[in-house]
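# Residue-level structural notes
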Amino acid sequence: MGAKGWFVLKLLMFQGLFVSRPQEDFDFFYLVLQWPGAYCDTTRACCYPTSGKPAADFGIHGLWPNYKGGSWPSNCDPDSQFDRSQISDLVSSLKKNWPTLSCPSNEGFKFWEHEWEKHGTCSESVMDQHEYFENALKLKGKANLLQTLTNSGINPDDGFYDLKEITNAIEGGIGFTPGIECNKDPERNYQLHQIYICVDTSGTEFIECPVLPRGRCPSKLQFSKF
Ligand code: 5GP
Ligand code: 5GP
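The model shown is predicted, which means the values in this text are computed figures rather than measured ones.

### Digging into the environment of G59
The topology assignment puts G59 in strand β2 (residues 59–66). Of the residues examined, G59 reaches a relative accessible area of 4% and is grouped as buried. Sequence separation of G59 and Q194 is 135 residues, and the distance between their C-alpha atoms is 9.4 Å.

### Considerations on the site of ligand 2
In the vicinity of ligand 2, 13 residues are found, and the nearest of them are T100, L101, H114, E115 and K118. A distance of 2.7 Å is found between an oxygen atom of ligand 2 and a side-chain nitrogen or oxygen belonging to K118. Across the complex, the protein chains shield 71% of the 490 Å² of accessible surface that ligand 2 would expose by itself. Of all elements in the fold, only β2 and α4 (109–118) reach the threshold of two or more residues within the shell around ligand 2. When residues of the shell around ligand 2 are assigned to their parent elements, the largest contribution, four residues, is made by α4. Split by residue class, the shell around ligand 2 holds five nonpolar, six polar and two charged.

### Here we look at the pairing of strand β1 (residues 28–34)
Where burial is concerned, most of β1 is hidden: seven out of the seven residues are buried. In β1, alternate side chains face the same way, and those of F28, Y30, V32 and Q34 on one face and F29, L31 and L33 on the other are all buried. Of the strand pairs in this sheet, β1 and β2 are connected by seven bridges, and their pairing is antiparallel. Residue pairing across strands places F28 opposite N66, the latter belonging to β2. Sheet topology places β1 next to strand β5 (residues 190–199); six bridges connect them, and they run antiparallel. Paired with F29 across the two strands is V199, which belongs to β5.

### Re unusual backbone geometry
Trans peptide bonds make up most of the peptide bonds, and negative phi angles are found at most residues other than glycine. For the peptide bond that leads from C103 to P104, omega is -5°, which places it in the cis range. Relative to the elements of secondary structure, P104 occurs in the loop between α3 (91–97) and α4. In this structure, N75 is a non-glycine residue whose phi angle is positive, near 45°. Even without a glycine there, the phi angle at N144 is positive, about 45°. Positionally, N144 belongs in the loop between α5 (129–143) and α6 (145–151).

### Quick word on α4
Three or four residues apart is the spacing at which side chains of an α-helix point the same way, because the helix has 3.6 residues per turn. Among the residues of α4, F109, F111, W112, E115 and W116 are the ones counted as buried. Looking down the long axis of α4, one finds its buried residues gathered within 160° of arc, a one-sided arrangement. Contact partners of the buried residues in α4: β1, β2, α3 and α5.

### What about the side chain of E181?
In this fold, E181 is placed in strand β4 (residues 179–184). With near-sequence residues (within four places) excluded, E181 lies in contact with Q191, L192, H193, Q194, Y196, R214, G215, R216 and C217.

### Some remarks on the site of ligand 1
Taken together, the neighbourhood of ligand 1 is formed by Y30, H61, W64, P65, N66, W72, K118, H119 and R216. Within the side chain of N66, a nitrogen or oxygen atom sits 2.5 Å from a nitrogen atom of ligand 1. Protein contact buries 68% of the 500 Å² of open area that ligand 1 shows by itself. For the shell around ligand 1, the element with the most residues is β2, which contributes four residues. The residue makeup of the shell around ligand 1, split by class, is four nonpolar, three polar and two charged.

### Considerations on the packing of α4 against α5
Where α4 contacts α5, the two axes come as close as 11 Å, and the packing angle between them is 110°. Classified by the angle their axes make, α4 and α5 are roughly perpendicular. In terms of crossing hand, the pair formed by α4 and α5 is right-handed. Seen from α4, the contacting residues are W112, E115 and W116; seen from α5, they are Q129, Y132 and F133.

What counts and how
- Residues numbered from 1 in each chain as written.
- Chains lettered and ligands numbered in written order.
- Predicted model: local features only at pLDDT ≥ 70, side-chain atom pairs only at ≥ 80, totals over all residues.
- Heavy atoms only, no water.
- Helix = DSSP H or I, 4+ residues; strand = E, 2+ residues; numbered from the N terminus.
- Buried < 20%, exposed > 50% of the residue type's maximum accessible area, 1.4 Å probe, protein only.
- Near = heavy atom within 4 Å.
- Polar contact = N/O pair within 3.5 Å; in protein donor to acceptor, adjacent residues only side chain to side chain.
- Areas by Shrake-Rupley, 256 points an atom, 1.4 Å probe, with all protein chains shown as cover.
- Nonpolar A, V, L, I, M, F, W, Y, C, P; charged D, E, K, R; others polar.
- Pairing = 2+ DSSP bridges.
- Arc of directions from axis to C-beta.
- Contact = heavy atoms within 4.5 Å.
- Axes fitted to C-alpha atoms, helices over the stretch in contact; angles between N-to-C directions.
- Parallel < 35°, antiparallel > 145°, perpendicular 65-115°, else oblique.
- Left-handed = near helix turned anticlockwise from the far one by under 90°.

Structure below.
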């Protein structure tokens, strides 16, 4: 091959590495689950969805593509707007498992739209909109967090529990170490707010977290009632 041929080949390889790489490339997902009792027990408070008070269970916050260095992509495709007609078969399950608690009260579409546009559009190389929501729902079912915690004697009863005890219980259930995030109630007690579970790039299998989020939890935290 002549010099020109090499040049063209190198140019193609360079493009392959940097230019044609999909914008929505990422290393893993966080499945983020929120405890409604903690979302609501803050000075800002919360609003129940129009369908009424959600069950006392963890709800989905989102399925978030992430880089193993700790940063993450967001809002990757402004051309892929949220389209509720694509998830009409999932709406009843979303209302139950991905309820919105922000104010003012609404059905939930705003929350789902926000999560799709901010995070979901960054995983379009592996799943479409229907699969994004379907995968999140399946993963939430598979994690079965509340059952796992209550089986270990950890109940949403306003009691204080060891961070280590909570982490170990979940690890016993799903096989991998979760990230635990706290927020503060109006009395400034730290409480269990969100649980992060890592998922492979196919969006179906739990994995060990390449990087854990900074959780802001002290060694003893409250598991608030809801
Ligand atoms: P906060 O500052 O409340 O922790 O996060 C605000 C928003 O930033 C989250 O709702 C989420 O959309 C995004 N975010 C925060 N931390 C992470 C993270 O570790 N990974 C990803 N992918 N998004 C995050
Ligand atoms: P993120 O923090 O993922 O960027 O997005 C959270 C956004 O979704 C905020 O704008 C928040 O107002 C809205 N949102 C609606 N319902 C909920 C909910 O139940 N929990 C959380 N964390 N955010 C919600």
